Amino acid sequence: MALNLDAVGKKLGPVTKDYNWKDVVLYALGVGAGFSDLEYCYEKNLKVIPSFSIAAIFDFLSHYASNSNINLAGILHGEQDLIFHQPIPVEGTFTTEGKITHMYDKGEKKGALVIGESDTFHSNGKKLFTSIITLFSRFDGGFGGDNAPKETFTFPDRTPDFEIEETPSQDQPLLYRLSGDVFALHVDTEFAKMAGFEKPIMHGLCTYGFSCRALVQCLVPGEPDKVRRLKCRFSRTLFPGDPIKIQIWKTDENTAVWKTINAKSGETVINNGIFEFGDIPKKEIRFDDQVAVITGAGGGLGRIYALELAKRGAKVVVNDLGGSRDGSGGGSATPAEKVVEEIKALGGEAVANYDSVSTPEGGENIVKAALESFGTVDILINNAGILRDKSFIKMEPENWLTVLDVHLNGAFNVSKPAFKVMREKGFGRIVMTTSAAGLYGNFGQTNYSSAKMGLVGLMNTLKLEGQKYNVKVNTVAPIAASRLTEDILPPELFDKMKPEFVSPLVLYLCSSECDANGNIYNAGMGFFNRAAVVTGPGTTIGDGDNPPAIEDIVDNFDTIASLTNGKVYFELNEQVGDAMNAFSAPEKTDTAPAEQKTASASAIFEAMPNAFNAEAAKDVDVIFQYHIAGSGGGDWNCTIKDATCKINSGIHEKPTCTLKMADTDFVDMINGVLPAMQAYTSGKLKIEGDIMKSQLIEKLFRLN
Ligand code: NAI
């Protein structure tokens, strides 16, 4: 059975993998870490061995094999390259997507190479690493493709600069396999013998992990986050218990070459190793050719946003009415003009606008200023603000409404015309300005708090409306010395509270680099954190058909009120979904098996002739024997010949291949819950006889 050449270029994944500190530690133990490098094994200040990343995406790697149709009996891990873009966090979710990039033909009987490349992102939104894997297939050569380009590799002609000895234990694979690669070859002597080895062998990636630890120890001690690249070729198998030596030559400031040898036989087990290390090169965030509108930019925080954006290439509309702190009296052009002059003196481009944000016409004019002067708008920071503090009892409607007009209605008035432009061009970044007073409350500021929390509501929905158009909306809650805070903050703190401590976060939220959408961040004095609406897991009371009594609420109030294990919803539907599922989810589980069409092994074999794809079976002549264990199991055989399919219960005398599985795993596999490749590599599916022919099954039947 040939390689599926059509698989080249087709998207694989996304495949997600949740992990926590225990997975990180388990991996470290699997690659030989212990008390001598406790930082990899103890949750306190835990560090991640970078090669953990490839073990953690093992489920994704199996897609390369299943999609390429590679002959599993002859598959070997040929080469592995890992390029690290960001440090690996100690917990979270990995999401991996990739594709098969090449299939090379080494020739008949010489084998083939299947090369796959993937990118893995973390739940923190960052791209963490790129993996380039080469699978060597012993039996798939001779399909008429090109051979791989030749690569040359030489080690320096001197003794290694570093040499580290390690002795993986006799039981090492038993521990390592718990990190994902549970392939029987590394644990089952019978299976190993079938594959041509006298006993189970070490996982190549386990030896790779040992090597990675040694490289970190020698070149970036205590700083695994500085590993930038780890590449190698797997050249020989290693048996558990054999000692190894990792030999390292430093070739320049940030690069080393390395190999790992079997210290007993002298054979090289990992060859052509490349190790790159150092700090992550920082990418400068620029705003060239982008147009930013900043309201209330004549002073305080807005002025700094305007100056910093202009310094990094943005063209800026400096809006400011030039009013008093409480918004009373007339305006003045001076503050906005002064900031424009400052920007021009720095060599930047800016125009002033003096409209008030508090009317729809004012909002239109501000955006018009951007369109007329610079042709577009990419960035909007809704920053203009006033204060009219009074205790609630003394709060007159005018003071209430005026504050809402500047903060909340002001953001609506400017965002609406700006959002229209952003939606049309398919890019936009909007930053709202809230306040700790709104998020948490502050005596005497009911008007201001309400307006500031209203902005969070505006963000929550606008983020959804802009999502499709790459318009991201986030919110900052600043703390900075300005005229708004001069009578609240002690003067000695003014220097520590410069707006410059807030602007880096706001500028990041304005940049195309920022993927965050719908988040709130506190920023000030060099301290940054995220604020969010957290919803507790809650509880159901009663049966969901009859309303509970008030007394039942009292009995359960602590559980209702608890935020332990709470979550942050991105949108309303998620919360409503949880409420609706609170009662229906358990019922579903109870009824699900009865509803499933293929709920038992016997039902699956009954359905098989109907699911048979005669078209795909034209030249196929094969007999599959199934031994399904468990109370729902039995023996069935399936004869496929002349594009027909016959299912019989019992044992066939001469099956082409025999598949052995537990009944529940078999049902899961047919229902798509357990991928066939994973079933095989995990040992849940055992195949005897012609393994290659077993790969036909997925093509010959469509059971879902
Ligand atoms: P600021 O008073 O220095 O700046 C606000 C600017 O908005 C002023 O230049 C003012 O002329 C302008 N403005 C007022 N009404 C306007 C209108 N109708 N149209 C156009 N411009 C108008 O104050 P600061 O501290 O720089 O505040 C900026 C934003 O940050 C405000 O929204 C404020 O509520 C918010 N904030 C500030 C905090 C701080 O610690 N400074 C704390 C929490 C929030």
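Once a new chain begins, its residue numbering starts again from 1 and follows that chain's sequence as written. Restriction of local features to residues with pLDDT of at least 70 applies here, the model being predicted, together with a cutoff of 80 or more for giving and counting side-chain atom pairs; totals for whole chains, interfaces and linings are based on all residues. Each side-chain value is worked out from all heavy atoms of the structure, with water and hydrogens disregarded.

### Quick word on the overall build of the chain
Filter applied, for reference: Strands are runs of DSSP state E lasting at least two residues, helices are runs of H or I lasting at least four, and both sets are numbered from the N terminus onward. Accessible area is worked out with a 1.4 Å probe on protein chains only. A residue is then buried under 20% of its type maximum, exposed over 50%, and partly exposed in between. Throughout, a contact is declared for two residues whenever any of their heavy atoms are within 4.5 Å. Computed by Shrake-Rupley with a 1.4 Å probe, the accessible areas treat only the displayed protein chains as cover when residues are assessed. Note on charges: Lys and Arg go in the positive column, Asp and Glu in the negative column, and His and the chain ends are not counted at all. Each charge is placed at NZ for Lys, CZ for Arg, CG for Asp and CD for Glu.
Assigned secondary structure in the chain consists of 20 helices and 23 strands. Along the first, second and third principal axes, the C-alpha atoms of the chain reach 100 × 75 × 50 Å. By residue count, 46% of the 704 residues in the chain fall in the buried class. Across the chain, contacts joining residues at least 24 apart in sequence account for 71% of those joining residues at least 6 apart. Of the roughly 34200 Å² of accessible surface on the chain, a fraction of 51% belongs to carbon and sulfur atoms. The averaged location of the 89 negative side-chain charges in the chain is 5 Å from the averaged location of its 69 positive side-chain charges.

### A look at the packing of helix H7 (residues 300-311) against helix H8 (residues 334-345)
When two helices pack together, their arrangement is given by the angle between the helix axes and the distance between those axes. Note the following rule: Axes here refer to lines fitted to C-alpha atoms; in helices the fit is confined to the stretch in contact. Angles between the N-to-C directions go from 0 to 180 degrees. By definition in this entry, angles of less than 35 degrees are roughly parallel, angles greater than 145 are roughly antiparallel, angles of 65 to 115 are roughly perpendicular, and the rest are oblique. It is the rotation of the near helix from the far one that decides the hand of a crossing: anticlockwise by less than a right angle makes it left-handed, clockwise makes it right-handed.
Packing of H7 against H8 leaves a shortest axis separation of 10 Å and a crossing angle of 25°. One way to sum up the angle between H7 and H8 is to call them roughly parallel. Viewed along their axes, H7 and H8 form a crossing whose handedness is right-handed. Along its contact with H7, which presents Arg303, Ala306, Leu307 and Ala310, the element H8 presents Val339, Glu342 and Ile343.

### Quick look at the domain arrangement of the chain
The condition that has to hold: Domains are outlined according to an automatic or database domain assignment.
The assigned domain composition of the chain is domain 1 (5-147 + 157-277), domain 2 (291-531) and domain 3 (593-700). Here domain 2 and domain 3 have C-alpha centroids that lie 64 Å from each other.

### Regarding the sheet that holds strand E15 (residues 428-433)
Spelled out, the test is: Think of it this way: DSSP has to see at least two bridges between two strands before they count as a pair.
Pairing is mixed in the open sheet, where eight strands are placed in the order E13-E12-E11-E14-E15-E16-E17-E18. Two strands bound the open sheet, and with one partner strand each, they are strand E13 (349-353) and strand E18 (527-531). Neighbour to neighbour, the strand axes of the sheet diverge by 20° on average, direction disregarded. With four bridges joining them, strand E16 (residues 471-478) and strand E17 (residues 520-524) adopt parallel strand pairing. When the sheet's bridge partners are listed, threonine 475 is paired in E17 with isoleucine 520. H8 rests against strand E12 (315-319) and E13 of the sheet, and its axis sits at about 175° to E13. Packing against the sheet, helix H13 (residues 503-510) makes contact with strand E14 (379-381), E15, E16, E17 and E18, and its axis sits at approximately 145° to E15.

### With respect to the sheet that holds strand E22 (residues 657-662)
Taken in spatial order, the five strands make up an open sheet running E21-E20-E19-E22-E23, and their pairing is mixed. With partners counted over all chains shown, the strands left at the sheet margins are strand E21 (644-649) and strand E23 (686-689), one partner each. Between one strand axis and the next, the sheet turns by 20° as a mean value, whatever way the strands run. In this sheet, E23 lies alongside E22 in antiparallel orientation, the contact comprising four bridges. When the sheet's bridge partners are listed, lysine 660 is paired in E23 with lysine 686.

### Let's talk about the site of the ligand
Which entries qualify depends on this criterion: For this description, a residue counts as near a given molecule or strand if any of its non-hydrogen atoms is within 4 Å of it. By the criterion applied in these results, polar contacts are pairs of N or O atoms within 3.5 Å in which, for protein atoms, one can donate a hydrogen and the other can accept it, and in which residues neighboring in sequence qualify only through two side-chain atoms. Residues were grouped as follows: Ala, Val, Leu, Ile, Met, Phe, Trp, Tyr, Cys and Pro as nonpolar; Asp, Glu, Lys and Arg as charged; and all remaining residues, including Gly, as polar.
With respect to spatial proximity, 30 residues lie near the ligand, and among them Leu301, Asp320, Asn383, Tyr448 and Ser482 are the closest. A distance of 2.6 Å separates an oxygen atom of the ligand from a polar atom in the side chain of tyrosine 448. When isolated, the ligand has an accessible area of 810 Å², and the protein chains bury 95% of it. Counting residues per element, the ones that place at least two in the shell around the ligand are H7, helix H10 (397-425) and helix H12 (446-467). The residue inventory of the shell around the ligand, partitioned by class, reads 11 nonpolar, 15 polar and four charged.

### Overview of H7
Put simply, the rule is: An expected span of 1.5 Å times one less than the residue number is assigned to each helix.
With 12 residues, H7 extends 17 Å from end C-alpha to end C-alpha; this agrees with the ideal 16 Å at 1.5 Å per step. Buried positions along H7 lie against strand E11 (291-294), E12, H8, E14, E16 and H13. At the C-terminal side of H7, glycine 313 shows a positive phi close to 100°.

### A word on the environment of histidine 203
Mapped onto the secondary structure, histidine 203 falls in the loop between helix H5 (189-194) and helix H6 (204-219). Judged by relative accessible area, histidine 203 falls into the buried class, the value being 1%. When the C-alpha atoms of histidine 203 and leucine 185 are compared, they prove to be 8.8 Å apart, with 18 residues separating the residues in sequence. Non-local contacts of histidine 203, meaning those with residues more than four positions away in its chain, are made with Pro173, Tyr176, Arg177, Asp181 and His186. A distance of 2.9 Å separates a polar side-chain atom of histidine 203 from the backbone oxygen of aspartate 181.

### Considering a nonpolar patch on the surface
What counts here: Only residues whose relative accessible area exceeds 30% and that form no salt bridge enter a patch; like-charged residues are grouped when within 9 Å of one another, and nonpolar side chains (Val, Leu, Ile, Met, Phe, Trp, Tyr) when within 5 Å. Criterion for a salt bridge: a side-chain nitrogen of Lys or Arg within 4 Å of a carboxyl oxygen of Asp or Glu.
On the surface, a cluster of nonpolar side chains totalling about 230 Å² of accessible area is made up of Leu29, Leu175 and Leu178. Within the secondary structure, leucine 29 is located in helix H1 (residues 21-30).

### Quick notes on the nonpolar core
Generally speaking, a soluble globular protein has its nonpolar side chains buried in company with each other. Keep this limit in mind: Among buried residues, those of type Ala, Val, Leu, Ile, Met, Phe, Trp, Tyr and Cys that are joined through side-chain atoms within 4.5 Å constitute a nonpolar core.
Residues Tyr208, Trp258, Phe275, Phe624, Tyr626, Ile640 and Phe666 are the most contacted members of the largest nonpolar core, which totals 108 residues. Considering each element in turn, this core owes the most residues, 10 residues, to H6. Residue contributions to this core reach at least three from each of two domains, namely domain 1 (5-147 + 157-277) and domain 3 (593-700). Those residues within four positions of phenylalanine 275 in sequence are excluded, and the remaining contacts are Leu215, Val216, Leu219, Val220, Val227, Arg229, Leu230, Asn254, Thr255, Ala256 and Trp258. Among the nonpolar cores identified, the runner-up in size contains 39 residues, and Ala369, Leu387, Val473 and Ala531 belong to it.

### Examining the side chain of glutamine 172
Following the sequence through the fold, glutamine 172 ends up in helix H4 (residues 172-176). Within the structure, the side chain of glutamine 172 is placed 2.9 Å from the backbone nitrogen of serine 169, a separation counted as a polar contact.

### Observations regarding the pattern of salt bridges
If you walk through the whole model with that rule in mind, you get 25 salt bridges. Across the pair glutamate 267 and arginine 236 runs a salt bridge whose closest N-O atoms are separated by 3.7 Å. With glutamate 267 in the loop between strand E9 (255-262) and strand E10 (268-277) and arginine 236 in the loop between strand E7 (227-234) and strand E8 (244-252), this residue pair connects regions lying 31 residues apart in the sequence. Given a relative accessible area of 32%, glutamate 267 falls into the partly exposed group. Judged by its relative accessible area of 49%, arginine 236 is partly exposed. Across the pair lysine 264 and aspartate 242 runs a salt bridge, and its minimum N-O distance is 3.0 Å. A residue pair is termed long-range when its members are at least 10 positions apart, and lysine 264 in the loop between E9 and E10 and aspartate 242 in the loop between E7 and E8 qualify at 22 residues. Put simply, Asp37, Glu166 and Arg213 are held in one network by salt bridges that share partners.

### A closer look at the pairing of E13
Quick reminder of the rule: For the handedness criterion, the strands are oriented away from the viewer, and a crossover whose path from the first strand over the helix to the second runs clockwise is classed as right-handed.
Of the strand pairs in this sheet, E12 and E13 are connected by five bridges, and their pairing is parallel. The partner of valine 318 across the bridge, within E13, is alanine 352. A crossover links E12 with its parallel partner E13, the connecting element being H8, and its sense is right-handed.

### Structural notes on the packing of aromatic side chains
Defined as follows: Stacked, tilted and edge-to-face are the three classes applied to pairs of Phe, Tyr and Trp rings, where Trp contributes its six-membered ring and a pair requires centres within 6.5 Å; stacked means planes under 30 degrees apart, edge-to-face means over 60, and tilted covers the rest. Both a distance and an angle decide whether a charge sits over a ring: NZ of Lys or CZ of Arg must be within 6 Å of the ring centre and within 35 degrees of the ring normal.
The tally for this structure, following the rule as stated, stands at 17 aromatic pairs. With a centroid separation of 5.4 Å and 55° between ring planes, the pair formed by tyrosine 19 and phenylalanine 52 is classed as tilted. Here tyrosine 19 is found in strand E1 (residues 11-19), whereas its partner phenylalanine 52 is found in helix H2 (residues 52-56), with 33 residues between them in sequence. Considered together, tyrosine 19 and phenylalanine 52 belong to a single accessibility category, that of buried residues. Look at phenylalanine 605 and tryptophan 636: their rings are 4.4 Å apart centre to centre, the planes differ by 15°, and that puts the pair in the stacked class. Of this pair, phenylalanine 605 sits in helix H16 (residues 601-611) while tryptophan 636 sits in strand E20 (residues 634-641), placing them 31 residues apart in sequence. Side by side, phenylalanine 605 and tryptophan 636 carry an identical accessibility label, which is buried. Taken together, the aromatic side chains of Tyr19, Tyr27, Phe52, Phe84, Phe94, Phe129 and Tyr176 make up a single cluster linked through ring pairs. Just above the ring of phenylalanine 155 sits the side chain of lysine 259; from NZ or CZ to the centre is 4.9 Å. In this arrangement the basic side chain of lysine 463 is found over the ring face of phenylalanine 570, its NZ or CZ atom lying 4.0 Å from the centre.

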